[in-house]
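The residues making up each chain are set out below.
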Amino acid sequence: MEVSNRENIGFEFQIRCKRYRNMENIKSMLRLLALILVSACIAACGNPLIRVENRSAVTLESVRVHFPSQTEEYGTIPPNTATEYRNIQQAYGTPYIEATVAGQPAFLRPIDHVGDKLLGAGKYTYAITVNELAESPNDRLRLEFVRN
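As a starting point, this report considers the structure included with it. Here the structure is a predicted model, which means the values were calculated and not measured.

With respect to unusual backbone geometry
Phase 1 of the analysis: Phi is positive for Ser62, which is not a glycine, with a value near 50 degrees.
Phase 2 of the analysis: Position of Ser62 among the secondary structure elements: in strand β2 (residues 60-66).
Phase 3 of the analysis: The class of Ser62 is partly exposed, set by a relative accessible area of 48%.
Phase 4 of the analysis: Of note in this structure, Ala102 is not a glycine but carries a positive phi near 50 degrees.

What follows is the structure, given as structure tokens:
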């Protein structure tokens, strides 16, 4: 009986060691996850996150949004879909947007940003519709600015 009791104690010790190692692994993974989340927040906190939504019945191609400090290529946006949010350094509620609609150029050009304030941290959507009756490329895109 003494031998089996010693074996039992040794077995319990091995189980406890494995549990301890598993707990340490879990703690390490949680620390890594916290570090990743903090790093992501540092990169994105304070900057606006902006996506482009196509609310029209036609595909928007070669969508490019010009911001004060960068230009973002949003690419092709099918009807009634939105892109992923992008971290933008500086942005206004009325951007300069260019796209191709049915093979024709289309633009949304603000006159200026006098009186406009830069957007703060948060999620925003530039919801675009297409005026298919417009004769000028400068009148083809319409914008609704949405704070998400």
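Re the packing of aromatic side chains
Phase 1 of the analysis: In this structure the tally under the stated criterion is three aromatic pairs.
Phase 2 of the analysis: Taken together, a centroid distance of 6.3 Å and an interplanar angle of 25 degrees make the contact between Phe67 and Tyr126 stacked. Taken together, the residues span a long stretch of sequence, with Phe67 in the loop between β2 and β3 (71-77) and Tyr126 in strand β8 (residues 122-130) at a distance of 59 residues.
Phase 3 of the analysis: Residue classification places Phe67 among the buried residues on the basis of a relative accessible area of 8%.
Phase 4 of the analysis: Here Tyr124 and Phe145 contribute two aromatic rings whose centre-to-centre distance is 5.5 Å and whose plane-to-plane angle is 15 degrees, an arrangement assigned as stacked. Taken together, the positions of Tyr124 in strand β8 and Phe145 in strand β9 (residues 141-147) put the pair 21 residues apart, joining distant regions of the chain.
Phase 5 of the analysis: Overall, the relative accessible area of 5% leaves Tyr124 in the buried class.
Phase 6 of the analysis: Taking the relative accessible area as the measure of exposure, Phe145 reaches 26% and is therefore partly exposed.
Phase 7 of the analysis: An aromatic cluster is present here, built from Phe67, Tyr124, Tyr126 and Phe145 joined pairwise through their rings.
Phase 8 of the analysis: For Arg86, the ring lying beneath its charged end belongs to Tyr74, and the centroid distance is 4.3 Å.
Phase 9 of the analysis: For Arg109, the ring lying beneath its charged end belongs to Phe107, and the centroid distance is 4.2 Å.

Definitions and limits used
- Residues numbered from 1 in each chain as written.
- Predicted model: local features only at pLDDT ≥ 70, side-chain atom pairs only at ≥ 80, totals over all residues.
- Heavy atoms only, no water.
- Helix = DSSP H or I, 4+ residues; strand = E, 2+ residues; numbered from the N terminus.
- Buried < 20%, exposed > 50% of the residue type's maximum accessible area, 1.4 Å probe, protein only.
- Phe/Tyr/Trp six-rings, centres within 6.5 Å; stacked < 30°, edge-to-face > 60°.
- Lys NZ or Arg CZ within 6 Å of the ring centre and 35° of its normal.

By themselves, these are just geometric observations and shouldn't be taken as functional.
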